[in-house]
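Structural characterization, general
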Amino acid sequence: PANPPDDTARPLEHTLQQVFGLQTFRPHQKDIIEHVIGGGDAFVLMPTGGGKSLCYQLPALHRSGTGIVISPLISLMKDQVDALTANGVRAAMYNSNLDAATARSVLAQLRAGELDLLYVAPERVMRQNFVATLQQLEIALVAIDEAHCVSQWGHDFRPEYAALGALREAFPGVPFIALTATADPHTREDIVGVLGLEGARRFATSFDRPNIRYTVLEKNQPRRQLMRFLESRREESGIVYALSRKRVEEVAAFLAAEGFAAAAYHAGLPAAERSAVQERFLRDDRGIVVATVAFGMGIDKPNVRFVVHYDLPRHLEAYYQETGRAGRDGLPAEALLLFGTQDVAAARAQIEQGGSETQRRIESHKLSAMAGFAESLTCRRRVLLGYLGENLETDCGNCDVCLVPPERFDATDAARKVLSCVYRVRQNFGLRHVIDVLRGSDSERIHKFGHHRLSTWGIGREYSTAEWTSIVRQLIHRGYLVQDITRYSVLRLTPLARALLRGEETLELARPRVREAAGSAGRKP
Ligand code: ADP
Ligand code: ZN
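To start, this report covers the structure provided alongside it. No experiment lies behind these values; they were computed from the predicted model shown.

**A few points about the overall build of the protein**
- Summing up its helical and strand segments, the protein has 23 helices and 17 strands in all.
- For the protein, the proportion of contacts with a sequence separation of at least 24, taken over those separated by at least 6, is 73%.

Listed below in C-alpha cells is the structure:
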C-alpha cells in the first residue's frame, strides 16, 4: 500500500515491519528512534552497515512534517530514495543533478507537505532562500549523514559541510540527528562543536568487527606476498586496494597474467567500465577487484571475504572503513596489510608538500598512528579500536599478533641507549636522526650538528635501522617517549624514562620482526 499515513500513533515495530520489511531492531536503533521522535537531538556513532539510515527514516514517518536528510553522495542519495519509494514512502531528492523542471516539482511537493523525506546535498541546503523556505514549513527532523565531513580532523572534510553549523539555530524545536561511521575522539568533539550539538544525546555502538582477522606483513616482495595470499582464495571474492591508478593497473594486469580473476577499478576508467566491474563484483561469488579508494563507497556486498592493502592507507579511519567492507555477513574474513617503511616515507614527503601548517600537522599525526598500528607488537584490534576511542578488555585472539605472539627479549640496554641518545640530542630531534646517531652515521646532517662527537654516537651498531625503529616505536607505545606532534615529531623523554635511565628498572620488548636487506645497513666509519 503506497503512501503510509503519518504513523504517529502506531507502534514502531509496526512501521519497521510494514514499511521497511524488517523484523526486529538492532541494538540502539529503537532508543535512538524514540529519542528523536520525542524531539531530542542525537549524535549517532555506528559502523558502516550498522543501520544508521533507519534511525532518521523511521522517526520522519512518526513525526508530522518532512524529514530533511543532508547527505554528501548523490549516488547513495539516489539508492536510498529509490528504496524508500519502492516501500511506499514519499521520498525525493534535491541536488544539482536535477533538471530545472524536476527541481521545481520537488519544491512544489515539499511546499505542499507531500514529502515524508527530502534528501538534500549540503551545498543546496545552505542557499539562503532554501533555508527560508524550510523555515516556513513543518520540518519533522534534520538528519546530517556522514557527519564527519564537517570536521577538518575527519578523513573526508568537505568545505560545504562546514556551513551546516548555522542550521541548528535556524530550526529551533526541530530534532537534529547527526550520524557517522568514523570518528576518533578528536573528530567526534569537532563534529559536535561545529554542528552546535553539545546538548545532543550520544549513542555509540561498538565498532569491533570480531570476524575480521587483521594481519600485517612487512612488505618486501609485494607481488609474491600477494599471490601467496590469494592462492588459497581463488574461489572467494575480495578487494585489493592500491594507492595510485597506475599501481592499480599494474597489479590487476599482473594478477590476470597469473590466472586470477582480477579487474581494475579507479576513477580514471570510463564510467561504463567502472559500473561493469562493480556489477560483476556484486553479482559473483568469486573474483578480485584491484582498486583505488574510489571503490567501495556504498557497496553493500555481504560476502567480501578479504581486503588487502597493497599500499599503506593514509589514515587508520580509512583503513578501518576499507577493511570493514570484508565479512559483512559475519563469517570469517581477512584483512591483510602489506606494510613498507618506504611507503611511510613517501607519504610523509607528500604531506610536507602541501596544505596549511595545521593540515600538515594533522596529516602527519594520523600517518604516525597508521604506522604505529602496522608496527604494533600488541593486539592489532586493541590498537585499532583504541584509536577509535574504544577500549577492549582483552586481547582479541584473532589478529596476527595474538595468533603468533612476537618473541620477547631483554631490551633494557637497547632502551637505555635510545633514551640517553634522545637526551644527548637535547630532545630536539626525531626518530630517524636519533637512530642515525646511535648507528654512528657519518651523514652531513650529523656533522652539521656536531652529533658525531656525542658519547652516544655509534653505540648502537648491533641493530639495523629497521630494528631500532621497532624498538623506538615500542618505547613510544609504552609511554617512555613521546613524539611532539606540534614540533616535527621530535622525541621527548617522559617521566617514565627516568627509572630506566637510572638503571632502576628492566624492560622486555617484542623482538623486532623487521629485517633490513643485507647490505643496506648504515655506513661504518
Ligand atoms: P549504515 O548507513 O549504517 O551504513 P544502512 O542504514 O545502510 O547502514 O543499513 C545497512 C543494512 O542493514 C541495510 O541493508 C539495512 O536494510 C539493514 N538493516 C538496518 N537495520 C536493520 C534491522 N533492524 N534489521 C535487519 N536489517 C537491518
Ligand atoms: Zn589481537
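Still more ground to cover, so stick around.
**Let's talk about the sheet that holds strand E7 (residues 201-204)**
- A sheet is described by the order of its strands in space; here 7 strands give the open sequence E3-E4-E2-E5-E6-E1-E7, paired in parallel fashion. The sheet is open, and its two edges are formed by strand E3 (91-94) and E7, each paired on a single side. Each adjacent strand pair in this sheet contributes to an overall mean axis angle of 20°, direction not counted.
- With 5 bridges joining them, strand E2 (residues 66-70) and strand E5 (residues 139-144) adopt parallel strand pairing. Among the inter-strand pairings, Val69 is bridged to a residue of E5, identified as Ala143.
- Most of the contacts of helix H3 (residues 53-62) go to E5, to which it runs at about 175°, and overall it touches strand E1 (42-45), E2, strand E4 (117-120), E5 and strand E6 (176-180).

**So, the nonpolar core**
- Counting 57 residues, the largest nonpolar core has Val240, Val289 and Val290 as its most contacted members.
- In terms of residues, this core owes the most to one element, strand E13 (residues 333-339), which gives 6 residues.
- Once residues within four sequence positions are removed from consideration, Val289 is found in contact with Ile239, Ala263, Tyr265, Val277, Phe281 and Phe295.
- Judged by nonpolar contacts, the second largest core, of 55 residues, contains Phe43, Tyr56, Ala121 and Val192.

**Observations concerning unusual backbone geometry**
- Even without being glycine, His28 reaches a positive phi, approximately 75°.
- With respect to the helices and strands, His28 occurs in the loop between helix H1 (12-18) and helix H2 (29-37).
- One non-glycine residue, Glu146, lies in the positive phi region at around 50°.
- Within the element layout of this structure, Glu146 appears in the loop between E5 and helix H8 (159-162).
- A tally of 22 C-beta atoms within 10 Å means that Glu146 is categorised as buried.

**Details of the sheet that holds strand E8 (residues 212-218)**
- What the 6 strands build is an open sheet, ordered E8-E13-E12-E9-E11-E10; its pairing is parallel. Looking at which strands have only one partner, the edges of the open sheet turn out to be E8 and strand E10 (262-265). On average, each strand axis in the sheet is tilted by 15° relative to the strand beside it, whichever way the strands run.
- Across 5 bridges, strand E9 (residues 237-241) lies against strand E11 (residues 287-291) in parallel orientation. Residue pairing in the sheet places Ile239 in a bridge with Val289 of E11.
- Running over the sheet, helix H14 (residues 316-323) touches E8, E9, strand E12 (306-309) and E13 and is turned about 150° from E12.

**Quick look at the site of ligand 1**
- The environment of ligand 1 is made up of 13 residues, and the closest members are Leu22, Gly50, Gly51, Lys52 and Ser53.
- Along the lines of polarity and charge, the residues of the shell around ligand 1 split into 4 nonpolar, 6 polar and 3 charged.

**Considering the environment of Gly397**
- With respect to the helices and strands, Gly397 occurs in the loop between helix H17 (380-387) and helix H18 (400-403).
- When the C-alpha atoms of Gly397 and Arg213 are compared, they prove to be 9.1 Å apart, with 184 residues separating the residues in sequence.

**Let's talk about the packing of helix H15 (residues 341-353) against helix H16 (residues 357-375)**
- Where H15 meets H16, the axes come as close as 9 Å, and the angle between the chain directions of the two elements is 170°. Comparing their axes, H16 and H15 come out roughly antiparallel. Every residue of H16 that contacts H15 at Val344, Ala347, Arg348, Ile351 and Glu352 is listed here: Arg360, Glu363, Ser364, Leu367 and Ala371.
- Of the residues assigned to the contact of H15 with H16, the class counts are 5 nonpolar, 1 polar and 4 charged.

**Points about the pairing of E1**
- Residues Ala42 and Val44 of E1 are buried on one face, and the alternating residues Phe43 and Leu45, pointing to the opposite face, are buried as well.
- Where E1 lies against E6, 4 bridges are found, and the strand directions are parallel. Counted as the bridge partner of Phe43 is Ala178 from E6.
- Pairing analysis gives 4 bridges linking E1 to E7, with the strands arranged parallel. Counterpart to Ala42 in the pairing with E7 is Arg201.

**Observations concerning the environment of Leu141**
- The topology assignment puts Leu141 in strand E5.
- Leave out the neighbours within four places in its chain, and Leu141 touches Val36, Tyr56, Pro59, Ala60, Arg63, Gly67, Val174, Pro175 and Ile177.

**Let's talk about the environment of Arg234**
- For Arg234, the location among the structural elements is in the loop between helix H11 (222-231) and E9.
- Distance from Arg234 to Ile288, taken between C-alpha atoms, is 8.9 Å for residues 54 residues apart in sequence.

**Thoughts on the packing of H2 against H3**
- Between H2 and H3, whose axes approach to 9 Å, the crossing angle comes to 40°. As the angle between them shows, H2 and H3 are arranged oblique. The crossing of H2 and H3 is right-handed. Here Gln29, Ile32, Ile33, Val36 and Ile37 of H2 lie close against H3, whose contacting residues are Leu54, Cys55, Leu58, Pro59 and His62.
- When the residues that make up the contact of H2 with H3 are grouped by side-chain class, the tally is 8 nonpolar, 2 polar and no charged.

Criteria and cut-off values
- Residues numbered from 1 in each chain as written.
- Chains lettered and ligands numbered in written order.
- Predicted model: local features only at pLDDT ≥ 70, side-chain atom pairs only at ≥ 80, totals over all residues.
- Helix = DSSP H or I, 4+ residues; strand = E, 2+ residues; numbered from the N terminus.
- Contact = placed C-beta atoms within 7 Å.
- Pairing = 2+ DSSP bridges.
- Axes fitted to C-alpha atoms, helices over the stretch in contact; angles between N-to-C directions.
- Core = buried A, V, L, I, M, F, W, Y, C linked by C-beta atoms within 7 Å.
- Buried ≥ 20, exposed ≤ 12 C-beta atoms within 10 Å, placed from the backbone.
- Near = placed C-beta within 6 Å.
- Nonpolar A, V, L, I, M, F, W, Y, C, P; charged D, E, K, R; others polar.
- Parallel < 35°, antiparallel > 145°, perpendicular 65-115°, else oblique.
- Left-handed = near helix turned anticlockwise from the far one by under 90°.

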